[in-house]
Every structure is written in structure tokens, then in C-alpha cells.
Amino acid sequence: MNDIDRRIALKFIAEYYASAEFNIFQIEKREFGIGLIKKIDARHLAFDSMEGFRKYLLTNTPLFVSHSTAYYEFPAATPIEKKSWFGNDLVFDLDMHSDGKYGVYHKLEEVKQDAIRLVEEFLLTDFGISKKDILYVFSGNRGYHVHVRDKNYLDLCSDERKEIVDYIRGTGLNYENFFDINESGRIIGPRPDEKGHRGRFARAAITMLEKEPVKLSRVFSKDEIRNNFITGVREGNWSRTSIKDIISRLKIVADTLLLSTVNTDAGVTQDLSKLIRVPNSIHGETGLIAKIISDINNFDPLKDAVININKNEAKCIIFTEDVPEIEFANSTFGPFKKDEKKELQLVVAIFFVLKGSASFCSGQ
Amino acid sequence: MSQLEFCIHYPFTSVAKAALEQSGIAISDRIVELALQRIKTALKEGKVAKSSALHDSEKIENIASYAAARMILGFSRNRFLINAYAVAESKRASDYLDGESDEIIDKVAGEFNIKTEEKNGNLLIPVHIYLKYSPRDVHYRLSNRELANGYVKLKSRHEKIRLIEGAIKKHMEKIPLVKSPPESIKIAAEKLKEFLPKIQRQEISFSLASGEVPPCIEKLLDSLKKHENLPHQARWYLAVYLIGRGMPMEEIVSLYSNLPDYNEKITRYQLDHAKKKGYAVPACATILTWGLCCADCKIGSPLNWQKLGKADRESLLKTGRRI
Ligand code: SF4
């Protein structure tokens, strides 16, 4: 990105920040980090009010702004030991890697479905967290963040948070432990009405039996056998029809339970000093809003997270690489070829420029 | 059980504190001496001796020796001593709890806000409490627990006691700093120096510089340095790894002397055993199920760490991901 590109993009982002709605819980207890070149060039910043924060964004508009998932008495103090930590939100980062710069946008729906499962099946049901303490946020690029603000989880340390992530990803879960063989040789296992991993497993098995029965065994293509087996499972009897090696065959059911898009590697959940994109701020690699989502089921990031100002302004850009066709802000764009010039609505032009696929034409 | 008896068993409770204050007993030289004995036994045997006090005055002294022990440790500010003592005191309390009525168990649990519920014959505990106080041990991994509506099902009363033990230990580890105590306390703290671990990581000649070992081992070494207690699998894995890397036995023993429940005889026995058996370093997948993996190295076995380039290693240690 050259200086002109950056200047135009930042001017646009600043206009958005002038009226953006932020909702930062305990803003004065958070550490902030900003980035112009990298995602975080400087950290240990602090603001004691929303006005102060907005003023900063308008005068020093960054490409990225994030805040700590942690709360501190002295968020600006360094080194970190002097900040006086007193807790962290419980935050999950879900994303997916895929080939090419644009491939991921076709997979965002999948990540969203995982985010919904994370909340519905795990956080609400297993962990008993209440809905009002959970926030869905689009990450602004390749995934979703889920913020949990429940005081019970506030002072958990890193290892304890890792246990939560491992539970959700099913790491260390051995589904074979769900099964026992009783005296009469029956395989006794989980029932679909049970809670937690067990019930989820039984329900997933029934779904698979109903939708793709042969994945488990060819004999299940026969209605009678399949239905008889399912009737057994509903009562926790996994051998009403006896299937050879049924327990090991069920591994593919166990695999569907894993929420592998929940990141453990980068440690967003368990790294207590992590900074996370400020909800409703702009992601500097896309110009999209890291939007707080109120209706997750109908949320479409490439439509709903697009900045909605200066709609009539258009700018000329020149592509610096080939770009595939993409749905963006209710229209279809591309495919574009390298060196192609195009006049596009400002927000669309900025998207391609920030993606590193184009530059603004000179003289603008 | 009499009130005083309860206070002897559980000297960290608010009831015990109140009893002590009411008795008006002063921190005399005798009390400090008893406190020193209390800590020494803890360090040598890994457990604080149960009380055999008969008379009320002796009983009060026993409780006071606990308070004085905390002062000595609070003045010493030594992580190793504090953690080792915490392990020993919590084991003592847990031994007492094993033979106690449910009512007493709940009374001690209440000190730490541990509330369990019985539902349809199941013993349930809030998951955040469970996570805070359960040992980081395969047996207690959340992944293999029944969890619903924010409650974890405990498998036995013993598990409940184990969680209370964890809470006591955490409580003991958070010792208030003591700045200017009576002279006798200062002298006692000085006397504990001979119990300190013989060697710290930085003094080890064998090359274990940062970057030389994978993130999971790095983390375990770091825990040792902070004198945190390691679960069984973690000790075993670290030992097998270090033996595999050719670290001399004496140095491994010295390293393990940083553990708060270090016992030289047992450690030597276990290390010799591991060496003789020639156990192989487990695969990353196994380490993952033990909850000890902390990065996505994609190397199959921790022994392949050396094959990674410098940039990948740095990135893994910093962010948990390869570049
Ligand atoms: S991937 Fe393997 S080497 Fe890396 S941290 Fe995990 S267990 Fe250790």
C-alpha cells in the first residue's frame, strides 16, 4: 500500500469513526493497541472515556485498533506486572485458513455455523452461561469472535481457560469411554436426551443414521435394521441390532462433534495478555467493520459489515493482481485482471486496496 | 468435634483465625520454634504432622504455630518454600477431611465458596469452581467429564475433598508479604535457607537455552522455575524428554528439586526407572490429550523440534503457530 492509498483509506475510516457506535465495557480498565503497518505497532495505551477514545481515533486514525480481553487497575502501566490484573473476558476466536486471498469468504458461513454451535450447544447449554453475557462479533476478515462477560469466569487463569477450549474442541475426549458392555453382552451407551458431550454424541449419531446411514455401515441402508438400531439408541442400547465393530465405526460421528475452527494455537482464549479487535472498529486488511452482531442467523459479513457512508462517492483503482469474482455489498464484482483500471464505489475500492490487490489511480 | 479441634485441623479458616485472636496468645519464641518445626517437617516429609495436642493451651499453640509459619514464609518471600509448604498443609487438611462428616466438609468448603449440589444422586459442582481447584491431571480433564447447565458431575466424595485440597493450596500460595516481623521470625526464615533447591535452571551446564526445546517443554521448565506443582504425566514426560536429550541424571534431579513436593529418594527412583526402561518420548498427539501441548508445531514428535528452522521456532514459542 502506498502513501496515497493509505491516506484515502484512513480518511474514509476516520469518517466512519466520527459517528461509529462503540460499546466497550469498562473502557478505563482495558489496555489498547493500535496498528498502522502491522496489526499492533504500539500497545499499553489507555483511555478513561469513550470520548477520549473517539478523539484519539479521529486524530491518529489507525488501520487496526484492539483492546485487551483483560481488565487492569492500571492498563497503561509497563511492564505487564505493574498493570495489576483483575480478570479477563472469556473470548473465543474462530476462523479458517484457505487458499488465496479471497477463498476464505466462501467459507465464512461455515465458520458462522460453528460460532452458533459454540454458543448454543456449548456456552449456553453445557457451561450454563446466560445469553445476555454473550456477544457475537465479526472479526472483520476471516472469522468470528465470541465474547463472554460472565463474572464467574473472570479470574480464571490461562490453564483453566485452556481446559474450556479443549472441552469445546474435544481435545482429550475419548468417546469410547461413553460405552459399557453389561452382563448380558449389550452395549450400553449415551442417550440423545443426555446433556453434554454424551447427548451430543448420541444425537449426532442418530442424525447420521437418518441422513447418511451407509457412512456407518452398509447394512443401515435397510430401513428396518436402521430404525431398529435407532430405537435402541434412544434408550441407550447400542446393540439392539448387533453391528460388528460398531464402537470403532462410530469414530466418524465423534469427528463431526469437533469445533475445530475454535482457535487454540494462537491462544486468544488462554493468553491473558491478548489484544482483540475492538468490536465495531475497522479491520485494516479489508475496511470491513468488526461488527457487533445482533441477529447472527441472518448476518452476512460482506453485506452487513460494509461501512455504510459516502455511498455515492466513487474512485478509480488499478488492479495489481488478478482477483476472482466476489459478492460484496449486494453486488457482484470482478473477476478483474492485473493492470485493469476500474471506477468503483469508494467502499469497494478501499476493500480491494486494503486487500493489497489494487492501488488508487494517480491524481486522486 | 469441638470448635478447637476444628481449628487445629483447619487453621486457615476464619473460625480458627477468630479463635486465635480471642485467645490473645502472643507470637513467643516457643511458638516461632513450633512454627519452624512445622515448616521443616513439611519440607522434609511433604506433609505437616497431624496434631497430638491434649490440653487446650497446647491446642492454641498448635494453631498459633500455623499463623507464625505463615509469617515466616511471608517474610522469606521465597516461592519454593511457600509452594512446598502449601502442598504439605493442604495434604494434611485433606487427610483430616477424609475422615470427616459431610457437615464438616461443607463447612471447610464454604471457606472457599465451594458449593456442591446433590441432584438425582449425583454430586454436582459449578464448572468455574471445578476448573479453579481441580488438579491439572488427565483424570480431571474437563473433556472427559459430564458437564451440563454449568455444573460438572463429580465421581465421588473423594473428588470433592481433592478440590477442597486444591483450594487450600491456592489459598496458601497467596501469602501476604510480611515486612518487619519480630526478630525471631527473621531468624527462623534465615534457618530455612538450607532447604532451598540446589540448583536453578540458569545454572545448569547442559544446554537448554530458550529456543532449544519445544514450547511444551519450555512451559514445563518455566513451571519448575516458578516452583509450581506438576501433574504426574508432566513429570514423566519431562523426565523422558530430558533423558532422551542426554541430560545427565544429576542435573535432572537438581532440576526436579524445584518441585514444591520434591522428595529426593522418590525422584531418583522414578528417574532411574524411566532411564532403565528406556521409554520413548510420546508423540505430540498423546501430549495433546494430556493437556500439555501448547503450540501447533506440526512435527509429530517433540524430538523433531531441532529440525525446525529458527524463524518457525521463534514464531511457535511466541504465538503458538508456525510462520
Ligand atoms: S506440537 Fe508437539 S512439540 Fe509442539 S508444543 Fe505440542 S506437544 Fe510440544
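Conventions and cut-offs
- Residues numbered from 1 in each chain as written.
- Chains lettered and ligands numbered in written order.
- Predicted model: local features only at pLDDT ≥ 70, side-chain atom pairs only at ≥ 80, totals over all residues.
- Heavy atoms only, no water.
- Helix = DSSP H or I, 4+ residues; strand = E, 2+ residues; numbered from the N terminus.
- Buried < 20%, exposed > 50% of the residue type's maximum accessible area, 1.4 Å probe, protein only.
- Contact = heavy atoms within 4.5 Å.
- Lys, Arg positive; Asp, Glu negative; His and termini not counted.
- Charge placed at Lys NZ, Arg CZ, Asp CG, Glu CD.
- Disulfide = S-S within 2.5 Å.
- Near = heavy atom within 4 Å.
- Nonpolar A, V, L, I, M, F, W, Y, C, P; charged D, E, K, R; others polar.
- Buried area = accessible area lost by both parts, 1.4 Å probe.
- Salt bridge = Lys/Arg side-chain N within 4 Å of Asp/Glu carboxyl O.
- Polar contact = N/O pair within 3.5 Å; in protein donor to acceptor, adjacent residues only side chain to side chain.
- Domains from an automatic or database assignment.
- Pairing = 2+ DSSP bridges.
- Axes fitted to C-alpha atoms, helices over the stretch in contact; angles between N-to-C directions.
- Phe/Tyr/Trp six-rings, centres within 6.5 Å; stacked < 30°, edge-to-face > 60°.
- Lys NZ or Arg CZ within 6 Å of the ring centre and 35° of its normal.

**Focus on the overall build of chain A**
- Tallying secondary structure elements over chain A gives ten helices and 19 strands in all.
- Looking at chain A as a whole, 53% of its 364 residues are labelled buried.
- Here the contacts in chain A between residues at least 6 apart in sequence split such that 66% fall between residues at least 24 apart.
- The distance from the centre of the 51 positive side-chain charges to the centre of the 54 negative ones in chain A is 1 Å.

**Details of the state of the cysteines**
- Enumeration according to the criterion identifies one disulfide over all chains in this entry.
- Cys157(A) carries a free sulfur, and the closest cysteine sulfur to it, the one in Cys294(B), is 14 Å from it.

**As for the site of the ligand**
- Around the ligand, the neighbouring residues are Pro214(B), Cys216(B), Cys284(B), Ile287(B), Cys293(B), Cys294(B), Ala295(B), Cys297(B), Ile299(B) and Pro302(B).
- Across the shell around the ligand, the residue classes break down as ten nonpolar, no polar and no charged.

**Focus on the interface of chain A and chain B**
- Each partner contributes to the interface: chain A provides 29 residues, whereas chain B provides 27 residues.
- Taking both partners together, chain A and chain B bury about 2,400 Å²; carbon and sulfur atoms supply 49% of that area.
- The interface formed by chain A and chain B contains five salt bridges.
- Residue Lys132(B) is joined to Asp155(A) by a salt bridge in which the shortest nitrogen-to-oxygen separation is 3.0 Å.
- The tally of links from chain A across to chain B stands at 15 residue pairs in polar contact (both at pLDDT 80 or more).
- Those elements that provide at least two residues to the side of chain A that touches chain B are helix H3 (108-126), helix H4 (158-169) and helix H5 (196-211) of chain A.

**With respect to the domain arrangement of chain A**
All names here are of chain A.
- Its domain assignment divides chain A into domain 1 (3-170 + 263-304), domain 2 (175-259) and domain 3 (314-360).
- Look at where the C-alpha atoms of domain 1 and domain 3 centre, and you get two points 27 Å apart.
- Contact residues are listed per partner, giving 16 residues for domain 1 and 22 residues for domain 3.
- With both chains or domains summed, domain 1 and domain 3 bury close to 1,700 Å², and 67% of this area falls on carbon and sulfur atoms.
- Across the domain 1-domain 3 interface, the total number found is one salt bridge.
- The partner of Glu321 in a salt bridge is Lys101, with the nearest N and O atoms 2.8 Å apart.

**Section: the sheet that holds strand S6 (residues 90-95) of chain A**
Residues and elements named next belong to chain A.
- With antiparallel pairing, four strands are arranged side by side in an open sheet as S6-S8-S7-S14. Only two strands of the sheet have a single neighbouring strand rather than two, namely S6 and strand S14 (292-293).
- Here strand S7 (residues 134-138) pairs with strand S8 (residues 143-148) via five bridges, running antiparallel. Along S8, the bridge assignment pairs Val137 with His145.
- Set on the sheet, H3 makes contact with S6, S7 and S8; between it and S8 the angle comes to about 20 degrees.

**Digging into the sheet that holds strand S11 (residues 275-277) of chain A**
All names here are of chain A.
- Across the sheet, which stays open at both edges, the four strands sit in the order S2-S1-S3-S11 with antiparallel pairing between neighbours. Strands at the two margins of the open sheet, each flanked by one partner only, are strand S2 (42-45) and S11. The mean inter-strand angle of the sheet, taken between neighbouring strand axes irrespective of direction, is 30 degrees.
- One ladder, built from three bridges, connects strand S3 (residues 64-68) with S11; its direction is antiparallel.

**Here we look at the pairing of S8(A)**
Residues and elements named next belong to chain A.
- Most of S8 sits inside the fold, with six of its six residues counted as buried.
- Side chains of S8 alternate between two faces, with Gly143, His145 and His147 and Tyr144, Val146 and Val148 buried alike.
- In the sheet, S6 pairs with S8 via six bridges, with the strands oriented antiparallel. Its bridge partner lying in S8, Asp95 is registered against Gly143.

**What to know about the packing of aromatic side chains**
- For the structure on display, the rule yields 37 aromatic pairs over all chains.
- Residues Tyr102(A) and Tyr105(A) carry aromatic rings whose centres are separated by 6.3 Å and whose planes lie at 55 degrees to one another, so their mutual orientation is tilted.
- The class of Tyr105(A) is buried, set by a relative accessible area of 9%.
- Among the aromatic residues, those joined into a ring-pair cluster are Tyr16(A), Tyr17(A), Phe22(A), Phe32(A), Phe47(A), Phe53(A) and Tyr56(A).
- Note that Arg200(A) overlies the ring of Phe122(A), its terminal NZ or CZ placed 4.0 Å from the centroid.
- Of note, Lys107(B) hangs over the ring of Phe6(B), and the distance from its end group to the ring centre comes to 4.1 Å.

**A few points about the side chain of Ser143(B)**
- Position of Ser143(B) among the secondary structure elements: in the loop between helix H7 (127-133) and strand S3 (147-148).
- Residue classification places Ser143(B) among the buried residues on the basis of a relative accessible area of 1%.
- Looking at Ser143(B), its side chain comes within polar contact range of the main-chain oxygen of Asp166(A), at 3.3 Å.
- At 2.6 Å, the side chain of Ser143(B) forms a polar contact with the backbone oxygen of Thr171(A).
- Beyond its immediate sequence surroundings of up to four residues, Ser143(B) is in contact with Asp166(A), Tyr167(A), Thr171(A), Gly172(A), Leu173(A) and His197(A).

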